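Analysis of the macromolecular model
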Amino acid sequence: MKSDTCRVCGTPISKFMTFGRMPIANGFLMAEEIKDEYFFELAPAFCESCNMFQLVEQPEPEKMFHGHYAFYSSTSRYMQAHFAHFAASVMDGPLAGRTDPFVVELGSNDGIMLQNFHQRGMRHLGVEPSVNVAEAARAKGINTVGAFFGRDLAGKITAEHGQADAILAANVMCHIPDLNGVAEGVARLLKPDGVFIFEDPYLGDMIAKTSYDQIYDEHVFIFSVTSVARAFASHGLEVIDAEPQITHGGSMRYTLSPKGARPVSERVAAQVAKEHEQGLQKPQTYLGFKRNCETSREKLMAVLETARKDGKRVVGYGATSKSTTVTCYCGITPTHVQFISDTTPIKQGKLSPGAHIPVKPYSEFTRAWPDYALLFAWNHAAEIREKETAFAAAGGRWIVYVPEVGIVA
Ligand code: JHZ
Ligand code: ZN
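Let us look at the structure shown here. (Residues numbered from 1 in each chain as written. Chains lettered and ligands numbered in written order. Predicted model: local features only at pLDDT ≥ 70, side-chain atom pairs only at ≥ 80, totals over all residues. Heavy atoms only, no water.)

A few points about the coordination of the zinc ion (ligand 2)
The protein atoms donating to the zinc ion (ligand 2) are Cys6 (SG), Cys9 (SG), Cys47 (SG) and Cys50 (SG), with metal-donor distances spanning 2.3 to 2.4 Å. Angles of 101 to 115° at the metal separate the four donor atoms of the zinc ion (ligand 2), which places the site in the tetrahedral class. Using a relative accessible area of 36% as the deciding quantity, one classes Cys9 as partly exposed. (Donors = N, O, S within 2.8 Å, 3.2 Å for Na, K, Ca; no water. Tetrahedral: all angles 85-135°; square planar, octahedral: opposite > 155°, others 65-115°. Buried < 20%, exposed > 50% of the residue type's maximum accessible area, 1.4 Å probe, protein only.)

Quick notes on the sheet that holds strand β13 (residues 314-317)
Across the sheet, six strands lie side by side as β15-β14-β13-β16-β17-β18; this open sheet has mixed pairing. Unpaired on one side and paired on the other, β15 (359-360) and β18 (406-408) mark the two borders of the sheet. Across three bridges, strand β16 (residues 372-375) lies against strand β17 (residues 397-400) in parallel orientation. Looking across to β17, one finds that Tyr372 is bridged to Arg397. (Pairing = 2+ DSSP bridges. Helix = DSSP H or I, 4+ residues; strand = E, 2+ residues; numbered from the N terminus.)

Looking at helix α8 (residues 225-233)
Residues of α8 that are buried: Val225, Thr226, Ser227, Val228, Ala231 and Phe232. Looking at the buried side of α8, the elements it contacts are α6 (179-189), β9 (190-201), β11 (237-245), β12 (251-258) and α9 (266-278). (Contact = heavy atoms within 4.5 Å.)

Side note on the side chain of Gln115
Locating Gln115 in the fold gives a position in helix α3 (residues 114-119). You can call Gln115 buried: its relative accessible area is 15%. The contacts of Gln115, once residues within four sequence positions are left out, are Lys140 and Ile142.

Digging into the site of ligand 1
The full set close to ligand 1 counts 23 residues, and Glu218, Asp342, Lys347, His380 and Lys387 are the nearest of them. At 3.3 Å from an oxygen atom of ligand 1 is found a side-chain nitrogen or oxygen belonging to Thr344. Take His380: an N or O atom from its side chain is 2.7 Å from an oxygen atom of ligand 1. Across the complex, the protein chains shield 97% of the 730 Å² of accessible surface that ligand 1 would expose by itself. Of all the secondary structure elements, the ones that give two or more residues to the shell around ligand 1 are α11 (321-330) and α13 (381-387). Among the elements that line the shell around ligand 1, the one with the most residues is α13, at three residues. Looking at the shell around ligand 1 residue by residue, the classes come out as five nonpolar, 12 polar and six charged. (Near = heavy atom within 4 Å. Polar contact = N/O pair within 3.5 Å; in protein donor to acceptor, adjacent residues only side chain to side chain. Areas by Shrake-Rupley, 256 points an atom, 1.4 Å probe, with all protein chains shown as cover. Nonpolar A, V, L, I, M, F, W, Y, C, P; charged D, E, K, R; others polar.)

What about the pattern of salt bridges?
Evaluated as defined, the whole model comprises 19 salt bridges. With a closest N to O distance of 3.9 Å, Lys299 and Glu404 form a salt bridge. Taken as a pair, Lys299 in helix α10 (residues 283-309) and Glu404 in the loop between β17 and β18 lie far apart in primary sequence, 105 residues in all. When salt bridges with common partners are traced through the structure, they connect Arg98, Asp165, Lys191 and Asp193 into a single cluster. (Salt bridge = Lys/Arg side-chain N within 4 Å of Asp/Glu carboxyl O.)

Some thoughts on the packing of aromatic side chains
Under the defined criterion, the tally for this structure stands at 25 aromatic pairs. Taking 6.4 Å as the distance between ring centres and 80° as the angle between the ring planes, the aromatic pair formed by Tyr317 and Tyr362 counts as edge-to-face. Here the residue Tyr317 occupies a position in strand β13, and Tyr362 occupies one in helix α12 (residues 362-367), the gap between them amounting to 45 residues. Overall, Tyr362 belongs to the partly exposed group, its relative accessible area being 25%. Ring geometry for Tyr317 against Trp398: centres 5.4 Å apart, planes inclined by 70°, an arrangement best described as edge-to-face. (Phe/Tyr/Trp six-rings, centres within 6.5 Å; stacked < 30°, edge-to-face > 60°.)

A word on the layout of surface pockets
Of the voids in this model, the second largest pocket is the one considered here, and its volume is about 420 Å³. Taken together, 21 residues make up the lining of the second largest pocket; nearest its centre are Gly27, Phe28, Leu29, Glu33 and His68. Class assignment of the residues belonging to the lining of the second largest pocket gives a composition of 11 nonpolar, four polar and six charged. (1 Å grid on protein atoms, 1.4 Å probe; cavity = no way out; pocket = protein on both sides within 12 Å on 5 of 7 lines; lining within 4 Å. Points joined across faces, edges and corners; volume = space filled by probe spheres on them.)

Looking at the nonpolar core
Core analysis: the biggest nonpolar cluster contains 104 residues, and Leu106 and Phe232 have the highest contact counts within it. Broken down by element, this core gets its largest block of residues, eight residues, from α10. If you look at the next biggest cluster of nonpolar residues, it comprises 20 residues, including Val103, Met122, Ala170 and Val195. (Core = buried A, V, L, I, M, F, W, Y, C linked by side-chain atoms within 4.5 Å.)

A short note on the environment of Gly318
The residue Gly318 is located in the loop between β13 and α11 in this model. Accessibility expressed as a relative area gives 9% for Gly318, which makes it buried. For Gly318 and Ala307, which are 11 residues apart along the polypeptide, the C-alpha to C-alpha distance reads 20 Å. Discounting chain neighbours no more than four positions away, the residues touching Gly318 are Ser323, Ile340, Ser341, Asp342, Phe376 and Ala377.

Following this line, the structure appears as structure tokens:
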């Protein structure tokens, strides 16, 4: 859906740059499906009134989240540890000492977070519209309802289970275009002293690192503390904490509660001040970001063209959602990158969206080391570098592009 007004406050918005024609970032496809591949214009806008960074156009939710959603959260070992810590901080923090607390997670995927509550025997409910990943969660014994969250579902859940002590969401809130509807639903579902905790890729990191690959169909918003505080204030919810996370290349965890119910951490005002210092409220910042994206693209293509001319074998590492933006925006083709290695079975044997680079199982990567691996899953660099010592020992090098384009050992 295209919007010429801010999805949060209704002020007119317009794109400050375009990434061009883009397919569904997780729309891995077979050769015979190419003729029907769906495209839209990926273009971001910044609302000067409420500071919300958003897409001008986002495909219909059913085009992105369905019965064959390609991203399974549990593919990263580090992320499993991250969510175990996240869950523990909720159970031992706001939920500690409560009688029979009830936890709801929005966009619970394969249960990577809720499994921790389930293991402690806590009442929980996942909300997940992508049927296949929801099924993976149910197979682990996690209560999951297959639906999109909004006002109506909030009412139904409350009627059936009562209000929630905690509502959680990770890498989900920034996917939902009707933020006001979700905020209303959260306000309805949450107990008067409950907490709503969510995390998403952080605007400050994206601007600082030129990690423009966080921009793709699913991410209709890239949040900051400033924009989140404004968006939820009109629904009676207040940001009481903001904690930076290293996951997904730099994220922010927001804790909200009904206004006045809980003390507000000093971290909130400090982070808002930091955002001001970084210039996140200024339109010029986004014009600078646009130039940085163009420079990043030129440099990456120069590295890939040189490698191609030199007859080097380049393989992509991680068929991420982010890689769809990078390959399509930069013009990376199978002549630059032979295939992309990925551990997710549902992606293997298919072509990457838009660029149509074959996605192959990880065994293909280890079978014959390439000269270079283009690190599309750069946010998992620590985990991957730890695992790939044999590739490095064989002389393999990594091509990286965040925060700078380069070739590293
Ligand atoms: P990864 C997803 O984005 C989708 P993506 C979503 N829209 C979102 O918001 C973000 O997460 C936060 C593979 N892999 O985590 C697994 C290996 O092959 O960067 C995945 O396909 N080997 C919900 O898709 C991909 O890489 C490995 O060793 O950009 C990683 O995808 C590891 C660690 C991963 O998220
Ligand atoms: Zn706005």
